[in-house]
Amino acid sequence: MKKNNYQYVKATGALKYTLTNDYLFRMVLQRDKETLINLICALLHLSRSQVIDAVIDNPIEPGESINNKEYQLDIVVILNGNITINLEMQVVNYHNWNMRSLSYLCRKFDSIARGEDYSSTHPVYHISFLDFTLFDGHPEFFAKYQVRNAIDGYLYTDKFNLFVVELKHTNMATKEDKRYGVDTWAKLFKATTWEEIKMITQNNPSLNSTAEAIFMSTADRKILEQCRIREDNIAHEKYQQEKIKSLTSENKSLSDENNRLRKLLEDNGIKPE
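No experiment lies behind these values; they were computed from the predicted model shown.

## So, the side chain of Thr18
Then step 1. Inspection of the secondary structure puts Thr18 in the segment before helix H1 (22-31).
Then step 2. Classification of Thr18 by relative accessible area gives buried; the value is 19%.
Then step 3. A polar side-chain atom of Thr18 sits 2.6 Å from a polar atom in the side chain of Thr20.

## Quick word on helix H6 (residues 194-203)
Then step 1. Looking at H6, one finds that the buried residues are Trp194, Ile197, Ile200 and Thr201. Taken around the axis of H6, the buried residues stretch over an arc of 120 degrees, which confines them to a single face. Turned more than 90 degrees from where H6 packs its buried face, Met199, Gln202 and Asn203 sit exposed.

## Quick look at unusual backbone geometry
Residues other than glycine predominantly adopt negative phi, and peptide bonds predominantly adopt the trans conformation.
Then step 1. Even without a glycine there, the phi angle at His45 is positive, about 60 degrees.
Then step 2. Within the secondary structure, His45 is located in the loop between helix H2 (33-44) and strand S1 (54-56).
Then step 3. Of note in the backbone geometry, His95 takes a positive phi value of approximately 60 degrees without being a glycine.
Then step 4. On the secondary structure map, His95 appears in the loop between strand S3 (83-90) and helix H3 (97-109).
Then step 5. The exposure class of His95 is exposed, given its relative accessible area of 62%.

## What about the pattern of salt bridges?
Then step 1. A complete count under the given rule lists eight salt bridges for this structure.
Then step 2. In this structure, the salt-bridge partner of Arg48 is Glu34, at a minimum N-O distance of 2.9 Å. Highlighted residues: Arg48 in the loop between H2 and S1 and Glu34 in helix H2, separated in sequence by 14 residues.
Then step 3. Of the residues examined, Arg48 reaches a relative accessible area of 36% and is grouped as partly exposed.
Then step 4. A salt bridge links Asp183 to Lys187, with the nearest nitrogen and oxygen atoms 4.0 Å apart. Remark: Lys187 and Asp183 occur in helix H5 (residues 182-190); sequence separation between them is four residues, near one turn of the helix.
Then step 5. On the accessibility criterion, Lys187 (44% relative accessible area) is partly exposed.
Then step 6. In this structure, a network of salt bridges that share partners links the residues Glu225, Arg228 and Asp232.

## Points about the sheet that holds S3
Then step 1. Strands sit in the order S1-S2-S3-S4-S6-S5 across an open sheet of six strands; the sheet is mixed. Strands with a single pairing partner mark the edges of an open sheet, and in this sheet they are S1 and strand S5 (142-148). Pairwise comparison of adjacent strand axes, ignoring direction, gives a mean angle of 20 degrees for this sheet.
Then step 2. Bridge count for S1 against strand S2 (residues 75-79) is three bridges, and the pairing is antiparallel. In the sheet register, Val55 faces S2, and the bridge partner there is Ile78.

## A look at the side chain of Thr121
Then step 1. Mapping Thr121 onto the fold places it in the loop between H3 and strand S4 (124-130).
Then step 2. Relative accessible area serves as the criterion here: at 7%, Thr121 is assigned to the buried category.
Then step 3. Of note is the side chain of Thr121, whose polar atom sits 2.7 Å from the backbone oxygen of Tyr118.
Then step 4. Filtering out sequence-adjacent residues up to four positions away, Thr121 remains in contact with Phe109, Ile112 and Lys159.

## Some thoughts on the environment of Asp74
Then step 1. Mapped onto the secondary structure, Asp74 falls in the loop between S1 and S2.
Then step 2. For the pair formed by Asp74 and Arg26, sequence separation is 48 residues and the distance between their alpha carbons is 7.7 Å.
Then step 3. With sequence-adjacent residues up to four places away left out, Asp74 is seen in contact with Arg26, Asn58, Asn86, Leu87 and Glu88.

## Observations concerning the pairing of S4
Then step 1. Burial analysis of S4 places seven of its seven residues in the buried class, which makes it a mostly covered element.
Then step 2. Both faces of S4 are covered, namely the face carrying Val124, His126, Ser128 and Leu130 and the face carrying Tyr125, Ile127 and Phe129.
Then step 3. As judged from the seven bridges shared by S3 and S4, these two strands associate in the parallel manner. If you follow Thr84 over to S4, its bridge partner there is Val124.

## Comments concerning the packing of aromatic side chains
Then step 1. Under the criterion given, the structure shown has eleven aromatic pairs.
Then step 2. Aromatic side chains Trp185 and Phe189 sit 6.1 Å apart centroid to centroid with 45 degrees between the ring planes, which places their arrangement in the tilted category. A residue pair is termed a helical-turn pair when its members lie 3 or 4 positions apart in one helix, as Trp185 and Phe189 do in helix H5 at four residues.
Then step 3. Among the aromatic residues, those joined into a cluster by ring pairs are Tyr6, Tyr8, Trp194 and Phe215.
Then step 4. A cation over an aromatic ring shows up here: Lys144 above the ring of Phe163, its NZ or CZ 5.6 Å from the ring centre.

Criteria and thresholds
Residues numbered from 1 in each chain as written. Predicted model: local features only at pLDDT ≥ 70, side-chain atom pairs only at ≥ 80, totals over all residues. Heavy atoms only, no water. Helix = DSSP H or I, 4+ residues; strand = E, 2+ residues; numbered from the N terminus. Buried < 20%, exposed > 50% of the residue type's maximum accessible area, 1.4 Å probe, protein only. Polar contact = N/O pair within 3.5 Å; in protein donor to acceptor, adjacent residues only side chain to side chain. Arc of directions from axis to C-beta. Salt bridge = Lys/Arg side-chain N within 4 Å of Asp/Glu carboxyl O. Pairing = 2+ DSSP bridges. Axes fitted to C-alpha atoms, helices over the stretch in contact; angles between N-to-C directions. Contact = heavy atoms within 4.5 Å. Phe/Tyr/Trp six-rings, centres within 6.5 Å; stacked < 30°, edge-to-face > 60°. Lys NZ or Arg CZ within 6 Å of the ring centre and 35° of its normal.

Written as structure tokens, this is what we have:
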């Protein structure tokens, strides 16, 4: 990307799509390596000088057609040649994300070839950006999960990591989250207008290239079409989730009513068929 070519400064009004659209999220991170590196630095608490390189291991052609609504848009990044990071934006709550993300992480962790020593296992991270609360009753902005001793919390290994950023809970960001700018990234992902983006970049000039990548991506007709398809699929998935929830509630009500009638009959000496 050409530096200091900030065309987005002229943009106003609502964004066509926000970065919670997983297709746009991927295109922006794929388009601008500095955006990718800066995001990783914030999440892993690294300085820019600690990053030699970050390479997306599963790039896709910008505007590539998505025919399956279950199409996976997770981004696999190889950091400094030996750290695998799986980045994923998710807005639909299937109520299985803890198991799903763990499954993804295990697949990446199990990378030892036959004959290799297990001590050569590389660190892996699965980092989720969720537009919902992962665990009901336990909201948290930036959660980090590792394998630890259940009694004293002693770390088993630092090579197996699950990070979760809940975009709805930036108000719960800790001082450490703010110091590394994780809350700023969350606000950028949720920004719906160019005015919001300009306000964010005004205080964080390092995000200028990110805003430019958003502008260039949303100016690409093919990318916009795929973003629209993703939005349509997500809307359908949310409708299905609500329908399942409604039917489950109706079935429970019917079951409760049947149990009530059964008990009423039994109390009156009538044995139900």
